[in-house]
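Overview (structure and organization)
Listed below, chain by chain, are the residues.
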Amino acid sequence: MKPRQDGKGSKSESRREELLRKAADLIAQKGFEGTSMRDIAAAVNILPGSLYHHFKSKEDMLIEIHQRVVDRMYDRVVEAIEAGKTPWEKLENAAVAHFEGLIESRNLVNIISPNFPEERGAINEQIKEQRSRYEDVFRDLFAGLDLRPDVQPNVLRLQVLGSLNFAPFWFREGGGLTATDVARQFVRNLRQGCAPLA
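To start, this report covers the structure provided alongside it.

Cut-offs and rules
- Residue numbers restart at each chain and count upward from 1, following the sequence in its written direction.
- Reporting in this predicted model follows two pLDDT cut-offs: at least 70 for local features of residues, and 80 or more for side-chain atom pairs to be given and counted; totals over whole chains, interfaces and linings ignore these cut-offs and use all residues.
- The side-chain figures draw on all heavy atoms in the structure; neither hydrogens nor water molecules are used.
- Note on conventions: DSSP H or I runs of at least 4 residues are helices, E runs of at least 2 residues are strands, and numbering of each starts at the N terminus.
- Residue burial is assigned from relative accessible area. The probe radius is 1.4 Å, only protein chains are included, and a residue is buried under 20% of its type maximum, exposed over 50%, and partly exposed in between.
- Contact definition: two residues touch when any of their heavy atoms are within 4.5 Å.
- Computed with a 1.4 Å probe, the accessible areas rest on the Shrake-Rupley method; for each residue, only the protein chains presented here act as cover.
- Residue count minus one, scaled by 1.5 Å, sets the expected span of a helix.
- Each C-beta atom gives one direction from the helix axis, and the arc is the one those directions make.
- Whenever a carboxyl oxygen of Asp or Glu lies within 4 Å of a side-chain nitrogen of Lys or Arg, that contact is scored as a salt bridge.

1. A few points about the overall build of the protein
Scanning the protein from N- to C-terminus turns up nine helices and zero strands. Within the protein, buried positions represent 40% of all 198 residues. Restricting the contact set of the protein to residue pairs at least 6 apart, pairs at least 24 apart contribute 69%. Of the roughly 11,700 Å² of accessible surface on the protein, a fraction of 50% belongs to carbon and sulfur atoms.

Here it is, written out as structure tokens:
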């Protein structure tokens, strides 16, 4: 497809990007249920009806935002893993990349880990599908660890990701530990408790 010569296509794309950024900020601050299409329209100074020219619904906006967040986190984590030599180093690097990504853009916490009621099952299914490739990276990492026989890799994976996803709520820059320090400490504590006894 040839680019439009009148510039309207690029203007529309620019407006779409702006809408997604503002929507992500508002959802981070107020939650999905607490953010209306009217709120998003007001944030970019357009009429609510104009918003529907770009997106059919707030749900469609969330799905697109979530996909972008997951893709960005996936690329970041995979690159970090490639720098590790051992399975535990790879996991440490992945944990650091995941946590630093959350800290650098706080809105990722609410967007990458949304919690919807059952009546929003369609959104839940789409979000789970988008996130599956990202979660598979961590499944593979934990499956490759040398663990005690009584330690379940999947339970350990959920424990680590749950801790990392919650940490931005209490972590503060300048508190003595960096985001890297916290993520590495999480993994090293696990290694001490879960690796086979010598």
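2. A short note on helix α9 (residues 179-194)
Between its first and last C-alpha atoms α9 spans 23 Å; for 16 residues at 1.5 Å apiece the expected length is 22 Å, and the two agree. Where α9 is concerned, the buried positions are Ala179, Val182, Ala183, Val187, Leu190 and Cys194. Down the axis of α9, the buried side of the element spans an arc of 125°, and every buried residue falls inside it.

3. Comments concerning the pattern of salt bridges
Using the criterion set out here, one finds 14 salt bridges in the structure. A salt bridge links Lys30 to Asp39; the shortest N-O distance between them is 3.0 Å. With relative accessibility at 41%, the residue Lys30 sits in the partly exposed group. A salt bridge links Glu135 to Arg131, with the nearest nitrogen and oxygen atoms 3.3 Å apart. Of this pair, Glu135 and Arg131 both sit in helix α7 (residues 121-143), separated by four residues, roughly a single helical turn. Taken together, the shared-partner salt bridges connect Arg16, Glu17, Glu64 and Arg68 into one network.

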